[in-house]
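Residues per chain, in single letters:
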Amino acid sequence: PQWHDDRIVFTTGSPFDAATWEIALLDMTTREVTQLTDNAVNEGTPDFMLGGAEIVYSSGSPNSDVFRMNGDGSNVRNLTNDSSFIDTSVSYSCDF
């Protein structure tokens, strides 16, 4: 899980079934959990970026790629889209 301000982004699902792994967001103020992804592939290693406005994560769909979405789960974009590599660990750093 990754923490930003009053929100935590994390992977949820059965530890024994990777197809149930989805990205979720916990609002610490309201204690409300919002599931941001919903499909039949494993998704994990979420991290906040751009001051919490966006989230990056890895997904088994279609080729174990890295994806980026808005903090509310909208506007999902595939960043790597390369079947020759398996992209499974994501971490964001604003070191530039």
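Computed from a predicted structure; not experimentally measured.

S.K.: Please clarify how the sheet that holds strand E1 (residues 2–4) should be interpreted in this entry.
M.R.: One key point about sheets: their strands pair by backbone hydrogen bonds, in either a parallel or an antiparallel sense. Spatially, E1-E2-E3-E4 is the arrangement adopted by the four strands of the open sheet, whose pairing is antiparallel. The open sheet has two free edges, formed respectively by E1 and strand E4 (32–35), since each of these has just one partner strand. For this sheet the average axis-to-axis angle between neighbouring strands, irrespective of direction, equals 25°. By the bridge criterion, three bridges tie E1 to strand E2 (residues 7–12) in an arrangement that is antiparallel. For Trp-3, the partnering residue across the bridge sits in E2 and is Ile-8.

S.K.: Which parts of the structure should I look at to understand the pairing of strand E6 (residues 54–59)?
M.R.: Both faces of the sheet carry side chains from a regular strand, because those side chains alternate between them. By the criterion of burial, E6 is predominantly enclosed, with six of the six residues buried. Side chains Glu-54, Val-56 and Ser-58 project from E6 onto one buried face, and the interleaved Ile-55, Tyr-57 and Ser-59 project onto a second face that is buried too. In textbook terms, the turn of a hairpin is the stretch between consecutive antiparallel strands, and for strand E5 (residues 43–49) and E6 this stretch comprises four residues, one of which, Leu-50, has a positive phi near 50°. Summarising the sheet, E6 and strand E7 (residues 65–70) pair through six bridges and their orientation is antiparallel. Note on E7: the bridge partner recorded for Tyr-57 is Phe-67.

S.K.: What's the story with the sheet that holds E5 in this structure? I'm lost.
M.R.: Ordered by their spatial adjacency, four strands build an open sheet running E5-E6-E7-E8, and the pairing between neighbours is antiparallel. Because the sheet does not close on itself, it has two edges, and the strands there are E5 and strand E8 (77–78). Across two bridges, the pairing between E7 and E8 is antiparallel. Looking at the pairing, Arg-68 lines up with Arg-77 of E8.

S.K.: Where do I start with the pairing of E2 in this structure?
M.R.: Joining the antiparallel neighbours E1 and E2 is a turn of two residues, in which Asp-5 adopts a positive phi near 50°. Judged from the six bridges that link them, E2 and strand E3 (residues 22–27) form a sheet pairing that is antiparallel. Note that in E3 the partner of Arg-7 across the bridge is Asp-27.

Rules behind the numbers
Residues numbered from 1 in each chain as written. Predicted model: local features only at pLDDT ≥ 70, side-chain atom pairs only at ≥ 80, totals over all residues. Heavy atoms only, no water. Pairing = 2+ DSSP bridges. Helix = DSSP H or I, 4+ residues; strand = E, 2+ residues; numbered from the N terminus. Axes fitted to C-alpha atoms, helices over the stretch in contact; angles between N-to-C directions. Buried < 20%, exposed > 50% of the residue type's maximum accessible area, 1.4 Å probe, protein only.

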